Amino acid sequence: GLRARELANQTAEARGATADQIQLIESIYDEIEARLANGAETGKVAEVQGQKVAEGNAEVLDLVTAVAESELAVETLVTVRDRVISAYQDILNMPI
């Protein structure tokens, strides 16, 4: 979380990144934090739906929908993570 953001910013500054590049890193970290929070919440919803179905208090369709939403949240998080890694590598490859 915060430590990774600080290290990324320090590395970017040490490598001579522009203010726009550092702002991009900040916005990507903000996006990751938002997606993590959303993914955790979506996972909890799927878990609750699973319990309700097991108890006979919900439809299987509701569980399938909740699981699909949870999978989408994870896929989105992986995509954002890949963008962060790519941006970080671009900064590391910048000439000093």
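This is a predicted model, so every value here is computed, not measured.

Draft legend 1. How the structure looks around a nonpolar patch on the surface. Nonpolar side chains collect at one region of the surface, where Val60, Leu61 and Val64 lie side by side and expose about 300 Å² of accessible area between them. Position of Val60 among the secondary structure elements: in helix 3 (residues 60–92). Since its relative accessible area comes to 52%, Val60 is described here as exposed.

Draft legend 2. View of the environment of Gly43. Mapping Gly43 onto the fold places it in helix 2 (residues 19–55). Counting along the chain gives 24 residues from Gly43 to Val67, while the straight-line C-alpha distance between them is 7.7 Å.

Draft legend 3. Inspection of the nonpolar core at higher detail. Core analysis: the biggest nonpolar cluster contains eight residues, these being Ala8, Ala12, Ala17, Ile22, Ile25, Tyr29, Ile91 and Met94. It is helix 2 that contributes the most residues to this core, three residues altogether. Of all hydrophobic cores here, the second largest spans five residues; its members include Ile28, Ile32, Val80 and Val84.

Draft legend 4. A look at the confidence of the model for the protein chain. Taken as a whole, the protein chain shows an average pLDDT of 80; of its residues, 97% reach a score of 70 or greater. Confidence scores differ between elements of the protein chain, with helix 1 (residues 2–14) showing the lowest mean pLDDT of 74 and helix 3 the highest of 83.

Each value, and the rule that gives it
- Residues numbered from 1 in each chain as written.
- Predicted model: local features only at pLDDT ≥ 70, side-chain atom pairs only at ≥ 80, totals over all residues.
- Heavy atoms only, no water.
- Patch = residues over 30% accessible without salt bridge, like charges linked within 9 Å, V, L, I, M, F, W, Y side chains within 5 Å.
- Areas by Shrake-Rupley, 256 points an atom, 1.4 Å probe, with all protein chains shown as cover.
- Salt bridge = Lys/Arg side-chain N within 4 Å of Asp/Glu carboxyl O.
- Helix = DSSP H or I, 4+ residues; strand = E, 2+ residues; numbered from the N terminus.
- Buried < 20%, exposed > 50% of the residue type's maximum accessible area, 1.4 Å probe, protein only.
- Core = buried A, V, L, I, M, F, W, Y, C linked by side-chain atoms within 4.5 Å.
- pLDDT = per-residue confidence, 0-100.

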